[in-house]
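Structural overview for review
This is what each chain is made of:
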Amino acid sequence: MTQQFSKPVLNNLTFAELQENIAQCQLCAADLPLGAKPIVQLSPSAKILIAGQAPGRKTHDKGRPFDDASGKRLRSWLGVTEAQFYNPQLFAILPMGFCFPGSYSKADKQSGDKPPRKECAVKWRQDVLAQLKHVELTILVGKYAIEWHLQQKMSVTQSVANWQSLWPHTLVMPHPSPRNNIWLKQHPEFEAEIIPVLKQRVASLVATS
């Protein structure tokens, strides 16, 4: 596991206290280009946990996780409706960073959004996970969630190739962003072989909620 996602001691907050504290968090506001705006979806009764990266600019503006092209593809992969996806009793959505971290500029010689702020996982993640006692399936979206939850540095490709070793309680997947279209074309087995199994598992959990 990378040092930036080290795990702290739990603070033993109630769920209501935890939600209120997250909503008011200003921990790294000074280092965020648009200020702090934590975006999560939580309920202690959720059966499925989606552990993502961090809100993008569109998510920051709309205030709802995965309300973009990535979310549309993700819901297709899960086989659920928009109403089901945004039902916190079914899905907890917990990114590694709760706020938009900003995007790289041309001067950075990189593209896309910056990594999630490290302070967020250290401050909040263990407390939130301790409250999600009914989660039966955790979906790790992208390398930051994979590294933190699996406690080892591993590429998305390696993780997906070994998905059966974690199933049926955990599934790793690439980020559903259109930026990963090339990866999906190079690894057609993900959508051809893994997604049907995922849909079946999600349908079973949704039906019993």
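For the structure, see preceding data.
Predicted model, so just to flag it, every value in this text is computed and none were measured. (Residues numbered from 1 in each chain as written. Predicted model: local features only at pLDDT ≥ 70, side-chain atom pairs only at ≥ 80, totals over all residues. Heavy atoms only, no water.)

**Remarks on the packing of aromatic side chains**
Our working definition: We call Phe, Tyr and Trp rings a pair once their centres come within 6.5 Å, taking the six-membered ring for Trp, and we label the pair stacked below 30 degrees between planes, edge-to-face above 60, and tilted otherwise. Each residue's exposure class comes from its accessible area (1.4 Å probe, protein chains only) as a fraction of the maximum for that residue type: buried when under 20%, exposed when over 50%, partly exposed otherwise. By definition, being over a ring means that NZ of Lys or CZ of Arg is both within 6 Å of the ring centre and within 35 degrees of the ring normal.
Enumeration according to the criterion identifies six aromatic pairs in this entry. Between the aromatic rings of W183 and F190, the centroid separation amounts to 6.0 Å while the plane-to-plane angle is 75°, which identifies the pairing as edge-to-face. Here W183 matches F190 in class, with each residue buried. Among the aromatic residues, those joined into a cluster by ring pairs are F66, F85, Y86 and F91. Its guanidinium or amino end placed over the ring of Y86, R64 lies 3.7 Å from that ring's centre, counting from NZ or CZ. Note that K123 overlies the ring of W124, its terminal NZ or CZ placed 5.3 Å from the centroid.

**Section: the pattern of salt bridges**
Basically, it comes down to this: The rule for a salt bridge is simple: a side-chain nitrogen of Lys or Arg has to be within 4 Å of a carboxyl oxygen of Asp or Glu. A run of H or I in DSSP becomes a helix once it reaches four residues, and a run of E becomes a strand once it reaches two; helices and strands are each numbered from the N terminus.
Under the criterion given, the structure shown has seven salt bridges. Between D61 and R57 there is a salt bridge; the shortest N-O distance is 3.2 Å. With D61 and R57 both in helix α2 (residues 57–62) and four residues apart, this pair spans about one turn of that helix. Between E119 and R117 there is a salt bridge whose closest N-O contact spans 2.8 Å. Among the residues examined, E119 registers a relative accessible area of 23% and is labelled partly exposed.

**As for the environment of W124**
Note on placement: W124 falls in helix α5 (residues 118–131). The sequence separation of W124 and N21 amounts to 103 residues, and the corresponding C-alpha distance is 9.4 Å.

**Looking at the environment of D113**
Spelled out, the test is: Polar contacts here mean pairs of N or O atoms no more than 3.5 Å apart (in protein, one a potential hydrogen donor and the other a potential acceptor; neighbouring residues in sequence count only if both atoms are side-chain atoms).
By the element assignment, D113 lies in the loop between β2 (91–93) and α5. Taking the C-alpha atoms as reference, D113 lies 7.0 Å from G56; in sequence the two are 57 residues apart. A polar side-chain atom of D113 sits 2.8 Å from a polar atom in the side chain of S103.

**Points about the pairing of strand β1 (residues 48–51)**
We apply this condition: Criterion used throughout: strands pair if DSSP finds at least two bridges between them.
Residues I48 and I50 point to one face of β1 and L49 and A51 to the other, with burial holding for every one of them. Looking at chain direction, β1 and strand β3 (residues 137–141) are connected through four bridges and run parallel. Across the sheet, the residue bridging to A51 is L140, located in β3.

**A short note on the sheet that holds β1**
Heads up, the rule is: Note on definitions: angles span 0 to 180 degrees between N-to-C directions of axes, and those axes are lines fitted to C-alpha atoms, for helices only across the stretch in contact. We call two residues in contact whenever any of their non-hydrogen atoms come within 4.5 Å of each other.
Reading across the sheet, the four strands line up as β2-β1-β3-β4 and stay open at both edges, with parallel pairing between neighbours. A strand with exactly one partner marks an edge of an open sheet, and here the two such strands are β2 and β4 (170–173). The mean inter-strand angle of the sheet, taken between neighbouring strand axes irrespective of direction, is 15°. Against the sheet, helix α6 (residues 143–150) touches β1, β3 and β4, its axis set at about 130° to β3.

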